[in-house]
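# Architecture at a glance
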2 protein chains.
Amino acid sequence: MHSFNGLLTQFEQFFAQHSFPTSPATLYEPCSYLLNMGGKRVRPVLCLMSHELFAELNENAWNTATAIELFHNFTLMHDDIMDAAPLRRGYQTVHEKFGQSTAILSGDVMSIYAYEHLNKINTTYIHTVIELFNETAIKICEGQQLDMDFEQRPFVSMEDYIHMITLKTSVLLATSLRLGAILGGASLGCAEVLYNFGKTLGIAFQLKDDYLDAYGNTAKTGKQLGGDILSNKKTFLSAKAFEIATDEQKLILSDLLARKDANKVNDTLAFFDQLNIRQYLETEMNAYTSRAYELLEKVPVISKRKVHLQDVADMLLKRIH
Amino acid sequence: MHSFNGLLTQFEQFFAQHSFPTSPATLYEPCSYLLNMGGKRVRPVLCLMSHELFAELNENAWNTATAIELFHNFTLMHDDIMDAAPLRRGYQTVHEKFGQSTAILSGDVMSIYAYEHLNKINTTYIHTVIELFNETAIKICEGQQLDMDFEQRPFVSMEDYIHMITLKTSVLLATSLRLGAILGGASLGCAEVLYNFGKTLGIAFQLKDDYLDAYGNTAKTGKQLGGDILSNKKTFLSAKAFEIATDEQKLILSDLLARKDANKVNDTLAFFDQLNIRQYLETEMNAYTSRAYELLEKVPVISKRKVHLQDVADMLLKRIH
């Protein structure tokens, strides 16, 4: 049993062994560039941690964790193109630095390398793992598509919003835990509880993201306050405001959405305050957080073994940036 | 044992059963749109035909053929973005019709569905099939990258050109044959001969493409004559011209490449005629064609069983459009 940092160090070592071919450098350098930007490696570590609840770490677990991280980075590379994002983790995005065509193709090849690692899983587990992995991979694409579709709509309902973030963000965290457990020999039922824990944790995590964007400490987050508001990104805040606003208030909200001036963020936040959106969001975050911890409790493993998962949940949910 | 058209009809039936989910339509409609444009389905039919040399068609073969066709269409969808192609088979390309972000994401999800089908292969074969499939998928990405890299260079050598088309075009034809054979119980050695047949056939096929672009009957091909010349695409013709040209002729060729006027195609073709490029190309096409037929001869199966493969080779190599 290892802590987050213990597993992270080990994972980085295993992951570093996975190097891409040197040629064509124009294809593989962008892959290494993105992977070397760092990132918390939360998903592979969750996979390994979940595996350790039931068994010693083995090649199946390492390869699955690696596949998950490669696939995650593949989606980041393509999402950044679609979102026209100039920066990721303070670095130029791949399409900005290497061009869009390369970002498409380097992403494609990275996803194939993810399946290379899945193909190293032994016969007992390979079908189950690829099935669950694919199911999740498809959901992630669907979530990204919904996110883009929502950009075309002035408002989205809370139900639609939660559905979208579940697909786009939560299911991969959830599946990382489930796969680790299955490969460790856990029962499917037990793996399902871990899946639900991860899914709930993922929603709470995304709501925290929405919260920090609007109410975070910019010195800590390093991001512009209200970036989501400025770009009319759909968040819990806009979904909730739309849900509870009177018809008259909806018109005010529409006007705010249409604005592009410097005071847009402040005025929108002031409007959200009138509707108590911050309190609604805090209540909802707390509810998902509590539910996540309850689900972790339900995992049929003695509490002592779950302390590291508890720590990861704390790290993700209590972060201030 | 079935003919090309016999297998094509059966494959279309199996393939039609593979429908995408209905929602989000914004993600899946572009997938169906591309698949419904038609296409010769050469790769899946080759896989099935190769399988039939050794065994009755079974689910393993159908699913592999389907995965190959889905993967091929995924690469087409992304290549069209990279090439900024407005049309495919007379229809608007996916990115033109549905937007670029959707074309990226619909392509991504289509590639995952390819692996869904590979995951239906039974335990005996799954590791081998995914390994060979991935190896090929990676080569296709590398080939596309080289093709793009070559656009930045005034000339490419014949060796580089043949290497690029081998990766981009030939290996998937070759692997379709190899996988069909392996799943039919052929020895690895025998499957390798079929692979080499497919690879050689693929190169001959691409050279024929280059030939038709420069010397085809536009009424039959439905394409503008010299489209490759106009867009400075690297072909056998330009590689050969660069290989045999004197330093003085290379300067003329450079000038031709830089031109954008209406007579560029005619003048370049006239220059190629001076260098006997057409004869070189015909000789090379014939050499690859003969080599392909020789390799087919070497497949250790009685000649009668190989007649349909011979027909496909004829169809691909003797086509006039």
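Residues numbered from 1 in each chain as written. Chains lettered and ligands numbered in written order. Predicted model: local features only at pLDDT ≥ 70, side-chain atom pairs only at ≥ 80, totals over all residues.

Scanning chain A from terminus to terminus reveals 16 helices and 2 strands. For chain A, the C-alpha radius of gyration of 20 Å lies close to 20 Å, the compact-globule estimate for 321 residues. Over its C-alpha atoms, taken along the principal directions, chain A stretches across nearly 60 × 50 × 35 Å. In chain A, buried positions account for 46% of the 321 residues. Looking at chain A alone, contacts between residues at least 24 apart form 74% of all its contacts between residues at least 6 apart. (Helix = DSSP H or I, 4+ residues; strand = E, 2+ residues; numbered from the N terminus. Rg over C-alpha atoms; globule rule 2.2 N^0.38 Å. Buried ≥ 20, exposed ≤ 12 C-beta atoms within 10 Å, placed from the backbone. Contact = placed C-beta atoms within 7 Å.)

Rotating chain A by 180° and translating it 0.0 Å along the rotation axis places it on chain B, where the RMSD comes to 0.0 Å. The transformation relating the two chain copies, once decomposed into turn and shift, fits a two-fold axis. For chain A, the minimum C-alpha distance to the rotation axis belongs to Thr123 of chain A and amounts to 3.2 Å. Comparing contact sets, 100% of the residues at the interface of chain A also lie at the interface in chain B, consistent with an isologous, same-surface contact. (Least-squares fit on C-alpha atoms with pLDDT ≥ 70 in both.)

Residues and elements named next belong to chain A. Under the domain assignment used here, chain A contains domain 1 (1-121) and domain 2 (138-321). Contributions of two or more residues to the side of domain 1 that touches domain 2 are made by α3 (42-52) and α4 (59-82). Across the side of domain 1 that touches domain 2, the residue classes tally to 13 nonpolar, 7 polar and 2 charged. (Domains from an automatic or database assignment. Nonpolar A, V, L, I, M, F, W, Y, C, P; charged D, E, K, R; others polar.)

Bringing the interface of chain A and chain B into the picture now. Contacts between the two partners involve 31 residues from chain A, matched on the other side by 31 residues from chain B. Among the elements of the structure, α2 (25-35), α4, α6 (100-118) and α7 (123-151) of chain A are those that each provide at least two residues to the side of chain A that touches chain B. Considering only residue class, the side of chain A that touches chain B consists of 16 nonpolar, 10 polar and 5 charged.

With that settled, the discussion passes to the confidence of the model for chain A. Looking at chain A, pLDDT values average 95 and 99% of them are 70 or higher. Interface scoring of the predicted complex returns ipTM 0.95; its pTM is 0.96. (pLDDT = per-residue confidence, 0-100.)

On to helix α8 (residues 158-183) of chain A. All names here are of chain A. An ideal rise of 1.5 Å per residue puts 38 Å on 26 residues; α8 measures up with 35 Å between its terminal C-alpha atoms. At Ser170, α8 shows its maximal bend, which comes to roughly 50°. Phi turns positive, to about 95°, at Gly185, one or two residues after α8. (Expected span 1.5 Å × (residues − 1). Bend = angle between axes of the 7 residues up to and from the residue.)

Note: most residues except glycine have negative phi, and most peptide bonds are trans. Residues and elements named next belong to chain A. With an omega of -5°, the peptide bond running from Ser23 to Pro24 counts as cis. When you line up the elements, Pro24 lands in the loop between α1 (4-17) and α2. At Arg41, a residue that is not glycine, the phi angle is positive and equals roughly 55°. The topology assignment puts Arg41 in the loop between α2 and α3. In this structure Arg41 comes out as partly exposed when scored by C-beta crowding, with 19 C-beta atoms within 10 Å.

On to the environment of Glu29 of chain B. Relative to the elements of secondary structure, Glu29 of chain B occurs in helix α2 (residues 25-35). For the pair Glu29 of chain B and Ser106 of chain B, spaced 77 residues apart in sequence, the C-alpha separation works out to 8.6 Å.

Working note: a packed helix pair is described by the angle between its axes plus the distance between those axes. Residues and elements named next belong to chain A. It is at 9 Å that the axes of α1 and α3 come closest, and there the two elements cross at 110°. What the angle tells us is that α1 and α3 run roughly perpendicular. Of the two elements, α1 crosses α3, and the hand of that crossing is right-handed. The segment α1 lies against α3, with Phe4, Leu7, Leu8 and Phe11 engaging Pro44, Val45, Leu48 and Met49. When the residues that make up the contact of α1 with α3 are grouped by side-chain class, the tally is 8 nonpolar, no polar and no charged. (Axes fitted to C-alpha atoms, helices over the stretch in contact; angles between N-to-C directions. Parallel < 35°, antiparallel > 145°, perpendicular 65-115°, else oblique. Left-handed = near helix turned anticlockwise from the far one by under 90°.)

All names here are of chain B. With 24 residues, helix α4 (residues 59-82) should cover 34 Å at 1.5 Å per step; its first-to-last C-alpha distance of 35 Å lies within 8% of that length. Within α4, 21 of the 24 residues are buried, which leaves the element mostly enclosed by the surrounding structure. The positive-phi residue at the C-terminal boundary of α4 is Ala84, with phi of around 50°.

With that settled, the discussion passes to the environment of Asp255 of chain B. Residue and element names in this part refer to chain B. Positionally, Asp255 belongs in helix α13 (residues 247-258). Classification of Asp255 by C-beta neighbours within 10 Å gives exposed; the count is 11. On a C-alpha basis, the gap between Asp255 and Arg153 in space is 14 Å, while along the polypeptide they are 102 residues apart.

Residue and element names in this part refer to chain B. Following the sequence through the fold, Gly226 ends up in the loop between α10 (218-221) and α11 (227-230). Residue Gly226 is classed as partly exposed on the basis of its C-beta count, with 19 C-beta atoms lying within 10 Å. Along the sequence, Gly226 and Met1 sit 225 residues apart, while their C-alpha atoms lie 40 Å from each other. What Gly226 contacts, discounting residues up to four positions off in sequence, is Asp213, Ala214, Val265 and Leu269.

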